[in-house]
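Residues per chain are reported as follows:
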Amino acid sequence: MKGDRVEIVIDAGSGTTRTYEIEATRAGRKVGITQSRGVIEVSEVTRGGSTVRTARFLANRVLALVEHPAADNPVADEVVPALRSI
């Protein structure tokens, strides 16, 4: 779903960290996560199953992997009041 995103925090060495974000940029796309043989792969996938973009990380370097689903309903601070005519 458009707006879904995954945030990945990795250990970049010598005490520093780096943060990457993969986001579903268009309607009908989703973000998928797979883990195999010490590699974590995050990809943006279309409805038909074609991969648009992929990011691969060594599993032993990943500190955090956070999924942020798109909000179905707008949050209170995202709601814009409609103008009413009197």
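Note that this is a predicted model, so its numbers are computed, not measured. (Residues numbered from 1 in each chain as written. Predicted model: local features only at pLDDT ≥ 70, side-chain atom pairs only at ≥ 80, totals over all residues. Heavy atoms only, no water.)

> How do you make sense of the environment of Ile 10 when you look at a structure like this?
Relative to the elements of secondary structure, Ile 10 occurs in strand β1 (residues 5-13). Taking C-alpha positions, Ile 10 is 5.2 Å from Leu 63, a pair spaced 53 residues apart along the chain. Filtering out sequence-adjacent residues up to four positions away, Ile 10 remains in contact with Thr 16, Thr 17, Arg 18, Tyr 20, Phe 57, Arg 61, Val 62 and Leu 63. (Helix = DSSP H or I, 4+ residues; strand = E, 2+ residues; numbered from the N terminus. Contact = heavy atoms within 4.5 Å.)

> How do you make sense of the pairing of β1 when you look at a structure like this?
In the case of a regular strand, side chains alternate between the two sheet surfaces. Sheet analysis places β1 next to strand β2 (residues 16-23), joined by eight bridges and oriented antiparallel. When the bridges of β2 are listed, Asp 11 appears paired with Thr 17. In textbook terms, the turn of a hairpin is the stretch between consecutive antiparallel strands, and for β1 and β2 this stretch comprises two residues, one of which, Ser 14, has a positive phi near 45 degrees. The pairing of β1 with strand β6 (residues 62-68) spans six bridges and is antiparallel. Residue pairing in the sheet places Val 9 in a bridge with Ala 64 of β6. (Pairing = 2+ DSSP bridges.)

> Looking at this structure, how should I read the pairing of strand β5 (residues 51-58)?
Sheet topology places strand β4 (residues 39-45) next to β5; seven bridges connect them, and they run antiparallel. In the sheet register, Val 42 faces β5, and the bridge partner there is Ala 55. Connecting the antiparallel pair β4 and β5 is a turn made up of five residues, with Gly 49 showing a positive phi of about 100 degrees.

> Even after reading the chapter, I still don't get the sheet that holds β4, so can you show me in this structure?
The strands that make up a sheet pair up through hydrogen bonds in the backbone, lying either parallel or antiparallel. A sheet is described by the order of its strands in space; here three strands give the open sequence β3-β4-β5, paired in antiparallel fashion. Every interior strand has two partners, whereas the edge strands, β3 (30-36) and β5, have only one. Strand after strand, the sheet turns through a mean of 20 degrees between neighbouring axes, direction not considered. (Axes fitted to C-alpha atoms, helices over the stretch in contact; angles between N-to-C directions.)

As far as function goes, none of this settles anything; it's purely spatial.
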